[in-house]
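Fold and contact review
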Amino acid sequence: MELRQLRYFVTVVEEGGFTRAAARLHLAQPGLSAQIRQLERELGQPLLDRSHRSVTLTETGRAVLPYARAALAAADAVQQTADAFTGLLRGRVSLGLVSGATGHAFDIASFLADFCDTYPALEIALTEDTSERMQSALLAGELDIALLGPTDEVPPPGLSLQTVIDAPLAVVAAPGDPLLAGVGDRTTVSLAELRDRALICLPRGTGVRAALERACSQAGFRPRVTFEAAAPQVLTQLAARGLGVAVLPAGENGSACDGRLRVLTIVRPGIRARIALACRASGPASPAARVLLDRLREALPMMLVSRSGEGAAG
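Conventions adopted
Residues numbered from 1 in each chain as written. Predicted model: local features only at pLDDT ≥ 70, side-chain atom pairs only at ≥ 80, totals over all residues. Heavy atoms only, no water. Helix = DSSP H or I, 4+ residues; strand = E, 2+ residues; numbered from the N terminus. Buried < 20%, exposed > 50% of the residue type's maximum accessible area, 1.4 Å probe, protein only. Contact = heavy atoms within 4.5 Å. Areas by Shrake-Rupley, 256 points an atom, 1.4 Å probe, with all protein chains shown as cover. Axes fitted to C-alpha atoms, helices over the stretch in contact; angles between N-to-C directions. Parallel < 35°, antiparallel > 145°, perpendicular 65-115°, else oblique. Nonpolar A, V, L, I, M, F, W, Y, C, P; charged D, E, K, R; others polar. Lys, Arg positive; Asp, Glu negative; His and termini not counted. Salt bridge = Lys/Arg side-chain N within 4 Å of Asp/Glu carboxyl O. Arc of directions from axis to C-beta. Pairing = 2+ DSSP bridges. 1 Å grid on protein atoms, 1.4 Å probe; cavity = no way out; pocket = protein on both sides within 12 Å on 5 of 7 lines; lining within 4 Å. Points joined across faces, edges and corners; volume = space filled by probe spheres on them.

1. As for the overall build of the protein chain
- Scanning the protein chain from N- to C-terminus turns up nine helices and 12 strands.
- The burial tally for the protein chain puts 47% of its 314 residues in the buried class.
- For the protein chain, contacts bridging at least 24 residues in sequence account for 73% of all contacts bridging at least 6.
- Total accessible area on the protein chain is roughly 15200 Å²; 51% of this is exposed by carbon and sulfur atoms.

Have a look at this one:
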């Protein structure tokens, strides 16, 4: 067997099929399929089940996958070690990002553009997903680094989390909402006042949703979430049309809706949402991922850790 065949196999698994894998590898799909079949013949077992619309792993494929990834990582490490002596950094780094994680506090596009200018031989794969799924992907070795909203009060075993944004949760309400009736210029709302209210929130699997559900459970009720969206701007737009009150970190105010919305910080109890820079506890495996992690630690706005009102979704 050849390393390129293992790389083709892993890419098909990661992309969920031959078409997307061929596009990522810049290969013709028939040629890619032929290489995978040759690998299967050499191993004497099918690795992929092609009988359904999507390609899935066989039992043998599931057993082989971690060893294929380990072999590729070892080969990449050999190349990267040699490159280190010439000052060249190459390889592929997978970075996960929760929707709305950076908000106005951090320009991920500019950061990545500058990083790629410095290391043009390095490929970065950017993925957007829920925090819960990204935590699992980090533990499985499918992601190297992620900016996510922790879904548990204690980090899962095997992960290292460094908080970069810590903000109180608030509700965003439209004029005329019952929360604003007869209370003047109120700036806070108790959690109890949200019982039985129609809430607009991020989906399950995000840090904000987990923090809200945990606080409501401790208060003896379940939040009535009637609308979900991954983008904070969509949540505020729904709130602006009177479809409920949006639950967001305090920094994600209603500016997108021309200032028509009111932001009330949740108190009694206060609830906080965090954004953390996450990786495996042992650190990223490749030198390229370690360099990207170091640059992210330098660039992320650490001064927001303890400031309220400078939040992000997750």
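Here the narrative resumes, following the displayed structure.
2. What to know about the packing of helix H2 (residues 18-25) against helix H3 (residues 29-43)
- Running from N to C, H2 and H3 point in directions that differ by 105°, and their axes come no closer than 9 Å. Put simply, H2 runs roughly perpendicular to H3. Residues Phe18, Thr19, Ala21, Ala22 and Leu25 of H2 touch H3, and the partners they reach there are Gln29, Leu32, Ser33 and Ile36.
- Its residues assigned to classes, the contact of H2 with H3 comprises six nonpolar, three polar and no charged.

3. Examining the side chain of Arg280
- Residue placement: Arg280 occurs in strand S12 (residues 272-280).
- Among buried charged residues, Arg280 stands out as having no salt bridge; its nearest opposite-charge side chain is Asp144, 4.1 Å away.
- Residues in contact with Arg280, not counting those within four places in the same chain, are Leu138, Gly141, Leu143, Asp144, Gly158, Leu159, Ser160 and Ala285.

4. With respect to unusual backbone geometry
- Backbone torsion omega between Arg268 and Pro269 reads 0°, so that peptide bond is classified as cis.
- The backbone of Asp196 sits at a positive phi, close to 70°, despite the residue not being glycine.
- Here Asp196 shows up in the loop between strand S7 (188-190) and strand S8 (198-201).
- Overall, the relative accessible area of 60% leaves Asp196 in the exposed class.
- Its identity is not glycine, yet Arg268 carries a phi of approximately 50°, on the positive side.
- When you line up the elements, Arg268 lands in the loop between strand S11 (262-267) and S12.
- Looking at Arg268, the relative accessible area reads 64%, which means it is exposed.

5. Concerning helix H5 (residues 108-118)
- Among the residues of H5, those classed as buried are Ile108, Phe111, Leu112 and Phe115. Down the axis of H5, the smallest arc covering the buried residues is 95°, so these residues share one side. For H5, the exposed residues set more than 90 degrees away from the buried face come down to Ala109, Asp114 and Asp117.
- Buried-residue contacts for H5 involve strand S3 (91-98), strand S4 (122-129) and helix H9 (287-299).

6. Remarks on the environment of Cys216
- Position of Cys216 relative to the elements: it lies in helix H7 (residues 207-218).
- For Cys216, a relative accessible area of 1% gives the class buried.
- The sequence separation of Cys216 and Leu191 amounts to 25 residues, and the corresponding C-alpha distance is 7.5 Å.
- Beyond its immediate chain neighbours, meaning those up to four positions away, Cys216 contacts Leu191, Phe221 and Pro223.

7. Quick word on the pairing of S3
- With six of eight residues buried, S3 lies mostly within the body of the structure.
- Taken together, the eight bridges between S3 and S4 define a ladder with parallel strand orientation. For Ser94, the partnering residue across the bridge sits in S4 and is Ala125.
- Two elements, S3 and strand S5 (residues 145-148), share three bridges in a ladder whose sense is parallel. In the sheet register, Leu97 faces S5, and the bridge partner there is Leu147.

8. A look at the layout of surface pockets
- Roughly 1200 Å³ of volume is contained in the largest pocket.
- Glu14, Arg24, Arg92, Ser94 and Glu142 are, among the 38 residues lining the largest pocket, the residues nearest its centre.
- Put simply, the parts of the chain that give the lining of the largest pocket at least two residues each are helix H1 (3-15), H2, helix H4 (59-84), S3, S4 and helix H6 (131-140).
- Top element by residues in the lining of the largest pocket is H4. It accounts for seven residues.
- A per-class count over the lining of the largest pocket returns 14 nonpolar, nine polar and 15 charged.
- There is about 200 Å³ of room inside the second largest pocket.
- When residues in the lining of the second largest pocket are grouped by element, the largest group, six residues, is from H7.
- By residue class, the composition of the lining of the second largest pocket is six nonpolar, two polar and five charged.

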